[in-house]
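One letter stands for each residue in the lines below.
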Amino acid sequence: MSIRVQALTKLYGQQKAVDGISFSAEPGVLGFLGPNGAGKSTTMKILTCFIPQTSGTASVCGFDVIAQPLDVRRHIGYLPESNPLYPDMYVKESLGFIAGIHKIHEPEKRIATIIEQTGLGPEQHKKIGQLSKGYRQRVGLAQAILHNPDVLILDEPTSGLDPNQLIGIRQLILDLGKTKTIILSTHIMQEVEAVCNRVIIINKGKIAADDTLQGLRQKNNNNTLEQIFISLTGSN
């Protein structure tokens, strides 16, 4: 299993942001859905070693997030919702900076591949601060996959993309999912239907559903994913 989560709990004071959840994930694209405040981002921050859990365990590629955080980070690529970038850096320069952090062999070659893969070619000599939101998202994605991680955690990766850009990035996520384990968090149900082969719905810190798209529909009168989501999480 690329990702294994067992009885994971995170407390903020008296509030349980994540409440004893367990799941595992293998290569493919896993849709991680839930209303705002359901515990999605908290779970992703635990998996990426940004914050520690209160109890339970989580591992990535066999490495424990508490005991072996550096090994976890080597095997994981993370695009957070906030997509923190250096606006004064040029696109290619920023990728070179990230390549240096990861000590990538033949960085120029790898950077050229990633620029082509993410469609950043026309913008590679611009400063990040001059880019549209859609292209900034691409830079964030490029940084996340530059070191060729086994696991990708993408939080709202297509935020701000126009319909043409959407198609390209969705195809890239599909292609990456053939060999990598991807957790994709999004509020766009069509996105999940387009790229995910499995869905976890989390609500109030607990897992409300964990199934394939087909399995979810069969259990819910062949309703749309949006209808299933609303029925499991309330209308919030």
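Worth saying up front: this structure is predicted, and the values here are computed from it rather than measured.

This paragraph deals with the overall build of the chain. Regarding its fold elements, the chain presents nine helices and 10 strands. Across its three principal axes, the chain shows a C-alpha extent of roughly 50 × 40 × 30 Å. Counting all 236 residues of the chain, 50% fall into the buried class. Taking contacts inside the chain between residues at least 6 apart in sequence as the whole, the part at least 24 apart equals 66%.

Here we come to the sheet that holds strand β2 (residues 15-25). Overall, antiparallel pairing links the four strands, which are arranged β2-β1-β4-β5 in an open sheet. A strand with exactly one partner marks an edge of an open sheet, and here the two such strands are β2 and β5 (63-64). As paired elements, strand β4 (residues 55-60) and β5 share two bridges and run antiparallel to each other. Counterpart to V60 in the pairing with β5 is F63. On top of the sheet, helix α1 (residues 40-47) reaches β1 (3-12), β2 and β4; it is set at about 120° to β1, its chief contact.

Right, let's talk about the UniProt feature "domain: ABC transporter" (unreviewed entry) in the chain for a bit. Per the UniProt record, "domain: ABC transporter" (unreviewed entry) is found at residues 3-229. Secondary structure across residues 3-229 comprises 36% helix and 27% strand; the distance between its end C-alpha atoms is 24 Å.

This part covers α1. The buried fraction of α1 amounts to six of the eight residues, a majority that puts the element mostly inside the structure. Every buried residue of α1 is accounted for by K40, T42, T43, M44, I46 and L47. Note on α1: the residue one or two positions beyond its end, C49, has a positive phi of about 70°.

With that out of the way, let us pick up the pattern of salt bridges. Inspection of the entire model under this criterion finds 10 salt bridges. For the salt bridge of K16 with D19, the shortest nitrogen-to-oxygen distance reads 3.5 Å. Among the residues examined, K16 registers a relative accessible area of 44% and is labelled partly exposed. Here E106 ties to K109 by a salt bridge, and the two come within 3.8 Å at their closest N and O atoms. Taking relative accessible area as the criterion, E106 reaches 43% and is therefore assigned partly exposed.

Each value, and the rule that gives it
- Residues numbered from 1 in each chain as written.
- Predicted model: local features only at pLDDT ≥ 70, side-chain atom pairs only at ≥ 80, totals over all residues.
- Heavy atoms only, no water.
- Helix = DSSP H or I, 4+ residues; strand = E, 2+ residues; numbered from the N terminus.
- Buried < 20%, exposed > 50% of the residue type's maximum accessible area, 1.4 Å probe, protein only.
- Contact = heavy atoms within 4.5 Å.
- Pairing = 2+ DSSP bridges.
- Axes fitted to C-alpha atoms, helices over the stretch in contact; angles between N-to-C directions.
- UniProt positions renumbered as here; feature names shortened; annotations may be inferred.
- Salt bridge = Lys/Arg side-chain N within 4 Å of Asp/Glu carboxyl O.

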